[in-house]
Amino acid sequence: MYSQSSRAPTVAVLFQDTDPPIINGVRKPRKPGGYQDSGADIVYTLQSKGINIVTPDSSPQVSKNEGWCFPDTEEGIYSAVKSGATHLWANTILFDSHPLQKSEKLAPYASDLRVVGQPPSMVENFDDKAYLNGKLGELGGYTLPRSWLLSKSDDLEALVKSIDRFPVVGKPVRGRGSHGVKLCHDQDQLREHITALLGESPLVMLEEYLAGEEATITVMPPSPERPEHWSTLPVSRFNHADGIAPYNGVVAVTANSRVITKEDMKDPAYGKVMKECERVVKLIGATAPIRIDVRRFHEGSGFAIFDINMKPNMTGPGRPGREDQASLTVMATAAMGWDYGTLLQKILANAQLLSTFRVYRSPF
């Protein structure tokens, strides 16, 4: 699963400049700025740890997000390789038709070039929340909320009237952050929100509302130190806005999250869901960290898995003025004694060959 190169890496970070395609009628929304903020954090911090890096600007400004990362277009990636990059950090949204997967120009480098991220075809499959949750439900052994799937051709009114317990969460099947996620308290609210979502996407997912504690678990890939997928301590989320954790671009996660303690871990519900999360990530064959959001059905109950994020946010402190920008994954690993730079180095050490990425096969 993991492999290491003996040579010292030279890293280029990629940002999102390639529009995700329409997949099954649904396009994942682009993040404003294309993750250049976290990309700049990654480059700056790796450089401060003595890692060789290449940037499109010869001396990017520390106060700006631009100039640190290469666009994830074919030309942008090729430019990074020609600038000497041996490792590409894919801090972007991947999919099967992405240049990392399909570019013939990169083919001569595929057996030597290493990539940090997930195989593009894996992301395309499992960014679809309804598809992955459906497969887990079929397999059994995973705790999931009740859910419904609605397309434009379905009878909206019949579905709304069939739901007998509120509140219900409505969300896009290919979402980003909390975009389009809303807690609906009655049939009128649900009808209105579904109509709005169907204006953006032909497919909408509804889920039973999990009313208890919410937590986030990062599952790390196998490495030379730990040959199995393993999970960090959960990060508990609080101060929700109408039942939904706010987007980190609006409220820094450090302001509404805390890593659970050893005392908290005496509750077996945490250990149980951590094991479930590890099994999910092992099943799909992740090669980089994955963040899984879980929530209790009600106070004191066990947790259900409700959102599996192929690309965790990777912002972190380092650049001046970014002190409160620790992401949930960074918070969780800080509790283990890793600073942001150490986490990035651990992730970098697990970079996989591009040729390995290109032959990924789904377990389903």
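Here's what I pulled together on the structure shown here. Owing to the predicted nature of the structure, the values given are computational and were not obtained by experimental measurement.

## Quick word on the pattern of salt bridges
When their charged atoms lie close together, side chains carrying opposite charge are able to pair.
Then, in step 1: This structure, assessed with the given rule, holds 24 salt bridges.
Then, in step 2: For E228, the salt bridge identified is with K282, shortest N-O distance 3.9 Å. With E228 in the loop between β10 (214-220) and β11 (230-231) and K282 in helix α8 (residues 268-284), the pair connects residues that are 54 residues apart, well separated along the chain.
Then, in step 3: Looking at E228, the relative accessible area reads 47%, which means it is partly exposed.
Then, in step 4: Using a relative accessible area of 52% as the deciding quantity, one classes K282 as exposed.
Then, in step 5: For K266, the salt bridge is made with E263, and the minimal N-O distance between the two is 3.0 Å.
Then, in step 6: Look at E263 and you get exposed, because its relative accessible area is 53%.
Then, in step 7: Taken together, the shared-partner salt bridges connect D17, D19 and R30 into one network.

## Looking at the packing of helix α1 (residues 36-48) against helix α10 (residues 340-348)
Then, in step 1: Contact geometry for α1 and α10: axes closest at 9 Å, N-to-C directions at 95°. Relative to α10, the element α1 lies roughly perpendicular. Touching S38, D41, I42, T45 and L46 of α1 are Y340, G341, L344, Q345 and L348, all from α10.
Then, in step 2: For the contact of α1 with α10, the class distribution of residues is five nonpolar, four polar and one charged.

## Some details on the packing of aromatic side chains
Then, in step 1: Following the criterion strictly, the structure yields seven aromatic pairs and no others.
Then, in step 2: A network of ring pairs unites the aromatic residues F126, Y131 and F364 as a single cluster.
Then, in step 3: Sitting above the plane of the Y78 ring, K105 keeps its charged end 4.5 Å from the centroid.
Then, in step 4: The ring of W230 is capped by R226, whose NZ or CZ atom sits 4.0 Å from the centre of that ring.

The rules we used
Residues numbered from 1 in each chain as written. Predicted model: local features only at pLDDT ≥ 70, side-chain atom pairs only at ≥ 80, totals over all residues. Heavy atoms only, no water. Salt bridge = Lys/Arg side-chain N within 4 Å of Asp/Glu carboxyl O. Helix = DSSP H or I, 4+ residues; strand = E, 2+ residues; numbered from the N terminus. Buried < 20%, exposed > 50% of the residue type's maximum accessible area, 1.4 Å probe, protein only. Axes fitted to C-alpha atoms, helices over the stretch in contact; angles between N-to-C directions. Parallel < 35°, antiparallel > 145°, perpendicular 65-115°, else oblique. Contact = heavy atoms within 4.5 Å. Nonpolar A, V, L, I, M, F, W, Y, C, P; charged D, E, K, R; others polar. Phe/Tyr/Trp six-rings, centres within 6.5 Å; stacked < 30°, edge-to-face > 60°. Lys NZ or Arg CZ within 6 Å of the ring centre and 35° of its normal.

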